[in-house]
Each structure stands twice: as structure tokens, then as C-alpha cells.
Amino acid sequence: MALAIAAAASPLAVFAAPPAKVLSELPSSATWSLSPMFMANAIGQTGLNGQRDTTPEKLLNQLRQSLEKAGYSEQPIRTTVGAWGFSATWATPDGVEIDGTNSGQQAVLVTQATAIAQGKVNLNIRFDGVAPMQNQGSQTQTKQESKPETNININIPSPRRFF
């Protein structure tokens, strides 16, 4: 009852949603062929997992299009791409709060794909808690301590020629 009164008093109140519910509401273009599964380290210990017949590069481009259209924004500083696959994190859309996020952390959508055969990848999608990103423009720069230079000269004789 008190919760209903608080919500009525503050129409802008944001309620945290269970991670499984938010995952189920992701665009189908991002989640087709994936099944819910237990994930011990994810927020809510749940995520989506499955395989796709594609390449990591194509899959990442598809995820970028569908997730950005749904309001998620990629955090490029946390994106890693290689021949093995990729790992990318996405900030949630405005107003989306994920239940179970630890204090001092923010929930991000994590997408990870691993190449398991030529033209086949395993895709994993879940929410993880991470430290909030600092606005680097507002950080004050600290003066580095000056350290004396150390020069070490090592004389290595030329190899002897035996011929």
C-alpha cells in the first residue's frame, strides 16, 4: 500500500525491473535463436544464450542496429573485437533501471560472441554491474612527479666469427 502511495505522489518515480523481464523485451532481431539460461555472475543470475550462423563482425553490426534503435547506447571504451569474437557493453535507455544492481554500480547490457566454427558464433546477452564511467572532461589532471632518468649502458661484445 505504501508503495502505491509513493508512486502516486511521485509520477516520475522509477522502478527497477527484473533483469529477465528487460531481457525478454529486447528487440527480437537481437534475441532470436537465444534461450534464457542461468548465469551465476550476471545481475539476476539470468541471461540469454544461443548460436547463430554468421560472423562476429556481421553479428556485432546487427546488434548495434537493433539495440541502438531500442534506445541502448554502446560504450565503445568497453568494446573489444577480434577474430575470436567480440564483447560490447550498452548503457540502458533512459528510465530503465535493473533490479539487483549493487550500490555504486550501474547496470549495462553485455553482449559477447565467440566464434565456435567457421561461420558460427555463440552469443551471450546479460546484465552486469560496472563502475559508472567518469566524464573525462571534468577530471582534473594530476601533475606527475618528476623522476630522475636512469640510463644503463651495457656493452655487449660483437659475436666472434668462426669462418
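All figures in this text were calculated on a predicted structure; none of them were measured in a lab.

Help me understand the pairing of strand E3 (residues 46-52) in this model?
A regular strand places its side chains so that they alternate between the two faces of the sheet. In terms of burial, E3 is a largely internal element, 5 of the 7 residues being buried. Direction of pairing for strand E2 (residues 35-38) relative to E3: antiparallel, over a ladder of 4 bridges. Bridging from a neighbouring strand, phenylalanine 38 pairs with threonine 46 of E3.

When you look at the confidence of the model for the protein chain in this model, what are you seeing that I'm missing?
In regions of low pLDDT, the predicted coordinates are not meant to be interpreted in detail. Residues of the protein chain with pLDDT of at least 70 account for 74%, and the chain-wide mean is 81. Across residues 1-13 the pLDDT falls below 50, and counting only partners more than four positions away or on other chains, this stretch makes 2 contacts in the model. Below pLDDT 50 for its whole length, residues 136-150 participates in 2 contacts with residues either more than four positions away or in separate chains.

Just checking my understanding: could you explain the pattern of salt bridges for this structure?
Opposite charge on two side chains allows them to pair when their charged atoms are near. Across all of its chains, the model carries 4 salt bridges by this definition. Across the pair lysine 21 and glutamate 25 runs a salt bridge, and its minimum N-O distance is 2.3 Å. Among the salt bridges present, the one from glutamate 74 reaches arginine 64, with a minimum N-O distance of 2.8 Å. Here glutamate 74, found in strand E4 (residues 73-74), pairs with arginine 64, found in helix H4 (residues 56-69); they are 10 residues apart in sequence, far enough to count as distant.

Looking at this structure, I do not really get H4. What am I missing?
What sets the pattern is the α-helix's 3.6 residues per turn: residues three or four places apart point alike. If you check H4, its first and last C-alpha atoms are 20 Å apart, about what 14 residues at 1.5 Å a residue would give, namely 20 Å. Buried within H4 we find Pro56, Leu59, Leu60, Leu63, Ser66 and Leu67. Buried residues of H4 fall within an arc of 140 degrees about the axis and therefore sit on the same side. Summarising the geometry of H4, the exposed residues directed more than 90 degrees from the buried face are Lys58, Gln65 and Lys69. If you follow the buried residues of H4, they end up packed against helix H3 (28-31), E3, strand E5 (80-82), strand E6 (85-91), strand E8 (106-117) and strand E9 (120-130).

How each quantity is defined
Residues numbered from 1 in each chain as written. Predicted model: local features only at pLDDT ≥ 70, side-chain atom pairs only at ≥ 80, totals over all residues. Heavy atoms only, no water. Buried < 20%, exposed > 50% of the residue type's maximum accessible area, 1.4 Å probe, protein only. Helix = DSSP H or I, 4+ residues; strand = E, 2+ residues; numbered from the N terminus. Pairing = 2+ DSSP bridges. pLDDT = per-residue confidence, 0-100. Contact = heavy atoms within 4.5 Å. Salt bridge = Lys/Arg side-chain N within 4 Å of Asp/Glu carboxyl O. Expected span 1.5 Å × (residues − 1). Arc of directions from axis to C-beta.

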